[in-house]
Structure formats: C-alpha cells, structure tokens
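# Summary of structural features
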Amino acid sequence: MDIAERYFHFLETQYIAEDGTRQQSAKGRYVAHLREIHAGYRPRYDLTACLAATQEGFCGRVWFWSDLHFFHTNVIRYCDRPFATAAEMNSALLSNCLSCVTAQDILVIGGDITMGNIEATNAMLRAIPGFKINVLGNHDYHKHALLKLAVDESAACFEIVYAGQSIFVSHYPVSEAALSPGQLNLHGHIHNNGLPPALGGGKRHINMSVECIGYTPVLLPNLLLSKLETK
C-alpha cells in the first residue's frame, strides 16, 4: 500500500477535526473523490525537479500555504486571526500573496480556499500570478461536489523530495505510522491548533496553515528551517 492509499485509509478510519481533536472516519464521498482525483492526476510540473531547479522550462520558485478560508468571518474568532472583518482578511491575504508570488512561480495551496462566494473567490484567485495547485481540503467540496475554483490543478495529495528529504503533502495531517520511514508530512487543516499526540507528537509534521506562517506564502526551505528551529 503506497503513501496515498495509506492516507485515504487513514481518513476512512479516523481523521483530525479542525480543532485538533481526533474524530472517526471522514465522509466516504469525500475520500472517494480524493481517490478518483488521485488516480487521474497528471501534474504539469515535477515539483521535486522544480525545487531542485532541474525542471526544464521552469525558472521560478515554489510557494506553500494553506487554509485561506476567504469570506469566513467565524474563522477570525475561532483561530484568533488579526483581522476585524472577513473583507479585511481577504484583502490582507491577497496582498501578502501578491507581494511575493510572481508569474514564474508555482503556488501550492493546501486546501480550504474559501467559505463564501465562488465568483468573488475566483476573482481573487485569478489576480494571483503563477501556476496554482490546490491540495483538496474538506471545504473544497459542497454537497458532495468539487467547488469550481480558479486553480490550474487540483490534487488529492502528492510526494516531493527536497535536499534528500521525502515530504508527503496533504490537507489533513496524517498519522506518523502512515508515513514512509523518515518522511515528513506538510499539511494544513488544523489552523493554529495543536496536533494530537496520537499522530506521533508532531516531530514529522509541518503545519502550513496561514495562522502558522504569518498569513503569507512560504518557500519550502524556510518551512523546513522553521521545523529544525523548533526541535
């Protein structure tokens, strides 16, 4: 069983709520969608090659962030975000993104892009330059259908290697037991809530939720450096 299938199996048997508590089994249709999308996923870019600057035709950078929750007023209170209104939050997130991401870059979004108007959300997404990949989160679905978001690719999950380090990228954090030996898990979903100890204590998890990275996309070397600094 490969890491993607272990991830899907993990979601079917237990999963982590956004407040960091462990729950039982994500909705079957959601996991079924993830399996279908993963089976047909043919990425335009090899992100491992992009990160190593060996991808032919790619001369940009690869940025990561997760759980934007555009238009979600309640997330400001739930996660103690430093904004007075959803409109202020939307504007700040977009401005922060535009301050670093360029047309030559790839932006990996770890899911849960919006909790509001799709047309207005897509207008903001179209304003962001570069190639956008969304790693599908639970809020990227509505009534068992995938939201029609203005991204270039939608992925269920994927693996990358950077500087010899294997990294599994997913929306939900996955149990350390499901990871391959020595592999890290780059995830979102739990915002600024703690990771349940049952997942392995967090030594192999990196949270890219916006609350944990200054509400601005971050380059992978900086994410890994911040992980080393907290050990």
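In what follows, the structure referred to is the one given above.
### Considerations on the overall build of the chain
Secondary structure assignment for the chain yields seven helices and 13 strands. Its C-alpha atoms give the chain a radius of gyration of 16 Å, near enough to 17 Å, the size a compact globule of 231 residues would have. In terms of principal-axis extent, the alpha carbons of the chain reach across some 40 × 40 × 40 Å. Within the chain, the proportion of its 231 residues that are buried is 52%. Within the chain, contacts between residues at least 6 apart in sequence are counted, and of these 62% link residues at least 24 apart.

### Some remarks on helix H6 (residues 118-127)
By the burial criterion, the buried members of H6 are Thr121, Asn122, Met124 and Leu125. The buried residues of H6 occupy an angular sector of 160 degrees when the element is viewed end-on, so they sit on one face. Of the exposed residues in H6, the ones pointing more than 90 degrees away from its buried face are Glu119 and Arg126. Between the side-chain oxygen at the start of H6 and the backbone nitrogen of Glu119 there is a gap of 3.0 Å, and the oxygen is on Asn117.

### Thoughts on the packing of aromatic side chains
The description of an aromatic ring pair rests on the distance of the ring centres and on the angle between the ring planes. Following the criterion strictly, the structure yields seven aromatic pairs and no others. On the numbers, 5.4 Å between centres and 75 degrees between planes, the contact of Tyr7 with Phe168 is edge-to-face. Residue Tyr7 is found in helix H1 (residues 3-13), and its partner Phe168 is found in strand S10 (residues 165-169); the two are separated by 161 residues along the sequence. Residue Tyr7 shares its accessibility class with Phe168, and that shared class is buried. Three or more aromatic residues joined by ring pairs form one cluster here, namely Tyr7, Phe8 and Phe168.

### Description of the sheet that holds S10
Strand order in the open sheet made by the four strands is S9-S10-S11-S12, with mixed pairing throughout. Two strands lie at the open edges of the sheet, namely strand S9 (158-162) and strand S12 (205-207), each paired on one side alone. Neighbour-to-neighbour, the strand axes of this sheet turn through a mean angle of 25 degrees, independent of strand direction.

### Some thoughts on the pattern of salt bridges
Pairing between side chains of opposite charge can happen when their charged atoms approach one another. Summed over all chains, the structure comprises five salt bridges. We note a salt bridge from Glu12 to Arg35, for which the minimum N-O separation is 2.6 Å. Of this pair, Glu12 sits in helix H1 while Arg35 sits in helix H2 (residues 28-39), and the two are 23 residues apart along the sequence. Taking relative accessible area as the criterion, Arg35 reaches 26% and is therefore assigned partly exposed. The salt bridge involving Arg204 is made with Glu176; its shortest N-O contact spans 3.7 Å. Here Arg204 is found in the loop between strand S11 (184-187) and S12, whereas its partner Glu176 is found in the loop between S10 and S11, with 28 residues between them in sequence. The exposure class of Arg204 is buried, given its relative accessible area of 17%. One salt-bridge network, held together by shared partners, links Glu5, Glu12 and Arg35.

### Examining unusual backbone geometry
Positive phi is not limited to glycine here, since Asp80 has a value of about 55 degrees. Along the chain, the position of Asp80 falls in the loop between helix H4 (73-78) and helix H5 (86-98).

How each quantity is defined
- Residues numbered from 1 in each chain as written.
- Predicted model: local features only at pLDDT ≥ 70, side-chain atom pairs only at ≥ 80, totals over all residues.
- Heavy atoms only, no water.
- Helix = DSSP H or I, 4+ residues; strand = E, 2+ residues; numbered from the N terminus.
- Rg over C-alpha atoms; globule rule 2.2 N^0.38 Å.
- Buried < 20%, exposed > 50% of the residue type's maximum accessible area, 1.4 Å probe, protein only.
- Contact = heavy atoms within 4.5 Å.
- Arc of directions from axis to C-beta.
- Polar contact = N/O pair within 3.5 Å; in protein donor to acceptor, adjacent residues only side chain to side chain.
- Phe/Tyr/Trp six-rings, centres within 6.5 Å; stacked < 30°, edge-to-face > 60°.
- Pairing = 2+ DSSP bridges.
- Axes fitted to C-alpha atoms, helices over the stretch in contact; angles between N-to-C directions.
- Salt bridge = Lys/Arg side-chain N within 4 Å of Asp/Glu carboxyl O.

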